[in-house]
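Structural overview for review
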Amino acid sequence: MKILFLINQFADGGRERRMVELVKGLDKIDGIHMHTIVFHNNVDYPDVLSTKMTYECIDSINRKERCRKIETTIASYVPDIVHSWVDTPTELGLLALLKSKYNYKYVAGFVADGNKDPWFSPRHMMMMYTFWKADAIVSNSKAGLVAKGAPKSKSCVIYNGFDFNRIPANIDRSLKRQELGIKTRYLVVMCARINAAKDWNSYIQMALYAKNAKLDATFLAIGYGDRLSYYQDLTKGQDSNIHFIGRRTDVEEILSVADYGVLFTNSKKHAEGVSNSILETMASGIPVIATEGGGTPEIVEDEYNGFLIKEFDSRKAFYCLCKAIEDEKLYKFLSVNALETIRSKFSIKKMVENYLELYKQL
């Protein structure tokens, strides 16, 4: 079986992480041959380059030239399956159009978030055309398929798979906290892009509630984006209990010494699919306090493996944090269930098996 993937880059986003984990899993199966077209040379996940998958970068800015090169690759590689993770109108239309000419099965695997596109936007109209032409439509959340209006007859949900080998072993907790400058009893972490899609104002307000209540806790914000410098300026100060530390390559190590995770979403701007940030936090046995909506309830169950709050409700979030701090049995219950949820529902093995079964059915 020959599979051609299209992805923006081996870096940064949730789709990219999902594809990398899929490639690593498929690489262990005999008879699977993979080639990938990327549009940027950025690499945050170098482990994918150690697989047998081959790849090429088509970085042409000119859309016509990019389309020509994509078709040339399809014609020469002769894939059985084209699995695209990109959602730009040009590539959506091209792959749907070439499907009959080159006789491949087309997997539209770009559905991720729960955002609704304007009905008559070029992107939405091209997405509808893609859904009509595709042989299968895959999302990592039920919410994503509903929001995008994907036809049920072709659609399926394949949840993200987490590689537990990413969890660091034998981390010296006190040493890592010292490296991070953490002197408090509790460490709360929110790891996400620093942009308008996330509700960073509620996170800051939650930290302020903790400070006023004299809660012995530090709040870290990990990530980068166009609002990073703004929030760094807003929260700087010797007595601040919240720190925006930018992009980090040791996120798993930080999570291994944290106590609580947070993901607040600005629902006026964005709806989550199944967030990799939540998944990675829970895989470390850390309960998450998250904004309900989108695909988040598909992973976080309120008071079972974390807490769900209404949008912008930082006061309720702080209440949930205090509740878990004050009740050690509850914290243990949430922590155990968070880890078990990832092991049972979001394993790499299950994700790879589900994709392989889909490919064979086409």
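To be clear, the structure that these remarks concern was listed above.
Right, let's walk through the structure included here. (Residues numbered from 1 in each chain as written. Predicted model: local features only at pLDDT ≥ 70, side-chain atom pairs only at ≥ 80, totals over all residues. Heavy atoms only, no water.)

**Some words on the nonpolar core**
Core analysis: the biggest nonpolar cluster contains 51 residues, and Y203, F219, I289 and L321 have the highest contact counts within it. When residues no more than four places from it in sequence are discounted, the contact partners of L321 are V188, M206, L215, F219, Y260 and I289. Among the nonpolar cores identified, the runner-up in size contains 28 residues, and I3, I32, Y45 and I348 belong to it. (Core = buried A, V, L, I, M, F, W, Y, C linked by side-chain atoms within 4.5 Å. Buried < 20%, exposed > 50% of the residue type's maximum accessible area, 1.4 Å probe, protein only. Contact = heavy atoms within 4.5 Å.)

**Some points on the sheet that holds strand β11 (residues 260-263)**
The strand order across the open sheet built from 6 strands is β10-β9-β8-β11-β12-β13, with neighbouring strands paired in parallel fashion. Since the sheet does not close on itself, it has two edges, and those belong to β10 (242-246) and β13 (306-309), each with one partner. Across the sheet, the mean angle from the axis of one strand to that of its neighbour is 20 degrees, orientation sign disregarded. Taken together, the 3 bridges between β11 and strand β12 (residues 288-291) define a ladder with parallel strand orientation. For L263, the partnering residue across the bridge sits in β12 and is A290. (Pairing = 2+ DSSP bridges. Helix = DSSP H or I, 4+ residues; strand = E, 2+ residues; numbered from the N terminus. Axes fitted to C-alpha atoms, helices over the stretch in contact; angles between N-to-C directions.)

**Concerning the packing of aromatic side chains**
In total, this model carries 17 aromatic pairs according to the counting rule given. Ring centres of F110 and F131 lie 6.0 Å apart, and the angle between their planes is 5 degrees; this geometry places the pair in the stacked category. Of this pair, F110 sits in strand β5 (residues 105-111) while F131 sits in helix α4 (residues 122-133); the two residues are 21 residues apart in sequence, bridging distant segments of the chain. In this structure, F110 and F131 share a single accessibility class: buried. These aromatic residues form a ring-pair network of at least three members: W200, Y203, F219, Y230, Y231, F244 and F264. Between the NZ or CZ atom of K2 and the centre of the ring of Y77, over which it lies, the distance is 4.5 Å. Between the NZ or CZ atom of R227 and the centre of the ring of Y230, over which it lies, the distance is 4.3 Å. (Phe/Tyr/Trp six-rings, centres within 6.5 Å; stacked < 30°, edge-to-face > 60°. Lys NZ or Arg CZ within 6 Å of the ring centre and 35° of its normal.)

**Overview of the environment of C57**
Tracing the sequence through the fold places C57 in strand β3 (residues 54-57). Taking relative accessible area as the criterion, C57 reaches 25% and is therefore assigned partly exposed. Sequence spacing of C57 and I7 is 50 residues, and the spatial spacing of their C-alpha atoms is 10.0 Å. The contacts of C57, once residues within four sequence positions are left out, are V38, F39, H40 and N41.

**Topic: the pattern of salt bridges**
Applying the stated criterion to the full structure yields 29 salt bridges. Among the salt bridges present, the one from R248 reaches D250, with a minimum N-O distance of 2.8 Å. (Salt bridge = Lys/Arg side-chain N within 4 Å of Asp/Glu carboxyl O.)

**Quick notes on the side chain of N266**
Tracing the chain through its elements places N266 in the loop between β11 and α10 (276-283). For N266, a relative accessible area of 14% puts it in the buried group. Once residues lying within four places of it in the same chain are set aside, the contact partners of N266 are A196, A197, K198, D199 and F312.

**Quick look at helix α7 (residues 200-212)**
Taking 1.5 Å per residue, 13 residues should reach 18 Å; α7 reaches 18 Å between its end C-alpha atoms and fits that length. Three or more residues of α7 are buried, namely W200, S202, Y203, I204, M206, A207, Y209 and A210. Of the residues trailing α7, K214 is marked for its positive phi of about 60 degrees. (Expected span 1.5 Å × (residues − 1).)

**What about the pairing of strand β2 (residues 33-38)?**
In the case of a regular strand, side chains alternate between the two sheet surfaces. With 5 of 6 residues buried, β2 lies mostly within the body of the structure. Across 6 bridges, the pairing between strand β1 (residues 2-7) and β2 is parallel. Directly across from I3, in β2, lies its bridge partner M34. In this fold, the crossover linking β1 to β2 by way of helix α1 (residues 14-26) has right-handed handedness. In terms of strand pairing, β2 meets β3 through 4 bridges, oriented parallel. Its bridge partner being in β3, I37 is matched across the sheet by E56. (Right-handed = clockwise from strand over helix to strand, strands pointing away.)

**Some details on the sheet that holds strand β4 (residues 81-84)**
With respect to topology, 7 strands assemble into an open sheet ordered β3-β2-β1-β4-β5-β6-β7, the strand pairing being parallel. In this open sheet, the two edge strands, each paired with only one partner strand, are β3 and β7 (155-157). Strand after strand, the sheet turns through a mean of 20 degrees between neighbouring axes, direction not considered. Contacting β5 and β6 (136-139), α4 crosses the sheet at an angle of about 140 degrees to β5.

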